[in-house]
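Close look at the chain arrangement
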Amino acid sequence: MTMTRLDGRAPGQLRPTRMTASFTMHAEGSILIESGLTRVICTASVEDRVPSFLRNTGKGWVTAEYGMLPRATSTRTQREASTGKVGGRTQEIQRLIGRSLRSVTKLNELGERTVWIDCDVIQADGGTRTASITGAWVALHDAIAWMKTRSMLKSEPLRDHVAAISCGICDGTPVLDLDYAEDSCAETDANFVMTGAARIVEVQGTAEKAAFTEEQFLGLLALAKKGVAKLVDLQKLAVM
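Just so we're clear, the structure is a prediction, and the values are computed from it rather than from any experiment.

Within the secondary structure, I31 sits in strand 2 (residues 29-35). On the basis of relative accessibility, which here comes to 0%, the residue I31 falls in the buried class. Setting aside residues up to four positions removed in sequence, I31 forms contacts with M19, T20, A21, F23, V40, I41, C42, G135, V138 and A139.

Below, the structure written as structure tokens:
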């Protein structure tokens, strides 16, 4: 018997996902990504300088910042700016976004420029980091297109797409694209970051209640490949 989830989805089915490119007026690249009830605005800004360790190397840099609005969740959370420090979870996620984008970017083709990606969660219902990575690629792509129209680039910096999806084991069944309720009670949850060519960039997997087997892990990987392939198709539509 095929498992049916609380929202009616099949185990291997994505939440309804929509990407609206050029969502803001001023940024060189921007997108609103909606994954179920999770909504993230990703913007890309081009800056004519690089971190000190890259000066005079001819290479560029892609980096990210991530944040959640105070009422992105069911109760208000304090802005990190008001506390004077960035939390550990936020640092982990923004570093993950940056690593994911750099994995498919030829930094030497950017010249000595930095592309800043800002991912702002306006509503959270699980999968905010994966939605941020998927949306960030579209914002980066648009910023690169902006640079091309101004003859700022000699060749294409992007090697491939990159997207991310969550998977988990709920009631003994591997499922794709967990919402908050599923993530809260999953026996195992994992985030997969993969390229358009199905190469693995990063895997974050945790046994929340019971250790999982290699067979179960491979089942999650198979789901992630299918999910990422669908997200890449949506990215392609968004940048047409």
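Turning next to the pairing of strand 9 (residues 200-207). In this sheet, strand 9 lies alongside strand 8 (residues 188-195) in antiparallel orientation, the contact comprising seven bridges. Residue D189 lies in a different strand from strand 9, and its bridge partner there is T206. Turn length for the strand 8-strand 9 hairpin, with the two strands adjacent in sequence and antiparallel, is four residues, and the turn residue A198 shows positive phi of about 65°.

On to the sheet that holds strand 6 (residues 162-170). Reading across the sheet, the four strands line up as 7-6-8-9 and stay open at both edges, with antiparallel pairing between neighbours. Every interior strand has two partners, whereas the edge strands, strand 7 (173-176) and strand 9, have only one. Ignoring which end each strand starts from, the neighbouring axes of this sheet average 15° apart. In the sheet, strand 6 pairs with strand 8 via eight bridges, with the strands oriented antiparallel. Within strand 8, the position partnered with A164 by the bridge is V193. Of the strands in this sheet, strand 6, strand 8 and strand 9 are in contact with helix 2 (residues 88-102), which crosses strand 9 at around 150°.

Tallied over the entire structure, the rule returns eleven salt bridges. The salt bridge partner of E182 is R5, with a shortest N-O separation of 2.7 Å. One end of the pair, E182, is in helix 4 (residues 180-185); the other, R5, is in the segment before strand 1 (17-21), and 177 residues separate them in sequence. Grouping residues by exposure puts E182 and R5 together as buried. In this structure, R39 and E34 form a salt bridge, with 3.1 Å as the shortest nitrogen-oxygen distance. Three or more residues joined by partner-sharing salt bridges are found here, namely R5, D7, R9 and E182.

Rules behind the numbers
- Residues numbered from 1 in each chain as written.
- Predicted model: local features only at pLDDT ≥ 70, side-chain atom pairs only at ≥ 80, totals over all residues.
- Heavy atoms only, no water.
- Helix = DSSP H or I, 4+ residues; strand = E, 2+ residues; numbered from the N terminus.
- Buried < 20%, exposed > 50% of the residue type's maximum accessible area, 1.4 Å probe, protein only.
- Contact = heavy atoms within 4.5 Å.
- Pairing = 2+ DSSP bridges.
- Axes fitted to C-alpha atoms, helices over the stretch in contact; angles between N-to-C directions.
- Salt bridge = Lys/Arg side-chain N within 4 Å of Asp/Glu carboxyl O.

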